[in-house]
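What follows is each chain in one-letter form.
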Amino acid sequence: MNISTSIPAPDDLDLRFEVVDLIGKPGSHRHVERAVTIADQTVGNLALTVPTGETIQVGAELESVVEGIYVGGTVQARVSGECSRCLDPLEREVDARIDELFSYPEKVKADEEEDVPTLSGDEVDLGPLVHDVIALESDDRPLCKPECMGLCAQCGARLEDDPDHHHEDIDPRWAALSGLLPDEGDSPADGTDAGSSPEDRADGQR
């Protein structure tokens, strides 16, 4: 599995398992389980991550094969973030499958070393794999609900609270002229009443 994520995998998620009892013994296998509590690591993608204090549950079968150690199992976690339209907080449950072959280093070609997971000594490190699976299973543009109306593009108002919210559009060709018109109730620049008749204005000048 080669998954590209926007957030680098943590250096250590405490998901290293010794497999010295399986190396070189095709057909042998062992079940492992571990719960990892997130401290200062960032696990997920740019939109949804596992909150600090939350736990990632990992259960997997480690099986020895000719090429290395095959890992098959499940990952469970809770991720949180914001709705991509209205920015309200939201949460999602991740329950994903993991399947990966950790090859023996000597069986990997030189030009494939960066793309093929390998054993690290007598261990398999499931940390990067678990991080990538959670990132892949988490929406990169999550919504609080499919019909979320989002925010007003002009003023940022939450449209869910005011479905009739709108702004009066002014033809850009006349927008510059709108500032030259007096507001309602304002008097002309010469001080005369725009609503008075010519006779009234003449009497006022006597």
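Structure: see above.
Everything numeric in this text was worked out from a predicted model, so none of it was measured. Residue indices follow the written sequence of each chain, beginning from 1 at its first position. Under the rules for a predicted model, residues below a pLDDT of 70 receive no local features and side-chain atom pairs below 80 are neither given nor counted, while totals for whole chains, interfaces and linings still include all residues. Water and hydrogen atoms were dropped before computing side-chain values, which therefore reflect all heavy atoms in the structure.

**Student:** What is the right way to look at the overall build of the chain in this model?
**Tutor:** Only runs of H or I of at least four residues qualify as helices and only runs of E of at least two qualify as strands under DSSP, and these elements are numbered from the N terminus. Summing up its helical and strand segments, the chain has 3 helices and 7 strands in all. Element order for the chain, N to C, with α for helix and β for strand: β-β-β-β-β-β-β-α-α-α. Residues counted as buried form 31% of the 206 residues belonging to the chain. For the chain, restricting intrachain contacts to residue pairs at least 6 apart in sequence, the fraction spanning at least 24 positions comes to 62%. Only the protein chains shown count as covering a residue, and every accessible area follows the Shrake-Rupley method with a 1.4 Å probe. Split by element, the accessible area of the chain, about 13200 Å² in all, is 47% carbon and sulfur. Accessible area is worked out with a 1.4 Å probe on protein chains only. A residue is then buried under 20% of its type maximum, exposed over 50%, and partly exposed in between. Working rule for contacts: check all heavy atoms of both residues, and any pair within 4.5 Å makes them a contact.

**Student:** Sorry if this is basic, but what is going on with the environment of V75 here?
**Tutor:** By the secondary structure assignment, V75 is in strand β5 (residues 68-82). Along the backbone, V75 and V133 are 58 residues apart, and their C-alpha atoms lie at a distance of 8.0 Å.

**Student:** Any chance you could explain a negative patch on the surface here in plain terms?
**Tutor:** A surface patch of negative charge is lined by D111, E112, E113, E114 and D115. Summarising the element assignment, E113 is placed in the loop between β6 (89-103) and β7 (123-125). Patches were defined on residues exceeding 30% relative accessible area and lacking a salt bridge, with like-charge contacts within 9 Å and nonpolar side-chain contacts (Val, Leu, Ile, Met, Phe, Trp, Tyr) within 5 Å. Whenever Lys or Arg places a side-chain nitrogen within 4 Å of a carboxyl oxygen from Asp or Glu, that contact is recorded as a salt bridge. Two residue types count as positive, namely Lys and Arg, and two as negative, namely Asp and Glu; His and chain ends fall outside the count. Positions of charges follow a simple convention, taking NZ of Lys, CZ of Arg, CG of Asp or CD of Glu.

**Student:** Would you mind going over the nonpolar core with me for this structure?
**Tutor:** The criterion is simple. A nonpolar core is a set of buried Ala, Val, Leu, Ile, Met, Phe, Trp, Tyr and Cys residues joined through side-chain atoms within 4.5 Å. Within the largest apolar cluster, 36 residues are counted, with the highest numbers of intra-cluster contacts made by I56, L126 and I134. Elements supplying a minimum of two residues to this core: β2 (29-37), β4 (55-64), β5, β6 and α1 (127-137). Among residues more than four places away in sequence, those in contact with L126 are L15, F17, V58, V71 and F102.

**Student:** Could you clarify how one ought to interpret the pattern of salt bridges in this entry?
**Tutor:** One side chain can pair with another of opposite charge once the charged atoms of both are near each other. Inspection of the entire model under this criterion finds 7 salt bridges. Among the ionic pairs, R16 bridges to D125, the shortest N-O distance being 3.5 Å. Separated by 109 residues along the polypeptide, R16 in strand β1 (residues 16-18) and D125 in strand β7 bring together distant segments of the chain. With a relative accessible area of 15%, D125 lands in the buried category. The partner of E91 in a salt bridge is R78, and the shortest N-O contact between them spans 2.5 Å. Taken together, the residues span a long stretch of sequence, with E91 in strand β6 and R78 in strand β5 at a distance of 13 residues. The exposure class assigned to R78 is buried, which follows from its relative accessible area of 16%. Through salt bridges with shared partners, a single ionic network connects R16, E123 and D125.

**Student:** Hey, could you run me through the environment of E18 in this one?
**Tutor:** Assignment of secondary structure puts E18 in strand β1. Taking relative accessible area as the criterion, E18 reaches 54% and is therefore assigned exposed. Separated by 103 residues in the primary sequence, E18 and G121 have C-alpha atoms spaced 8.9 Å apart.

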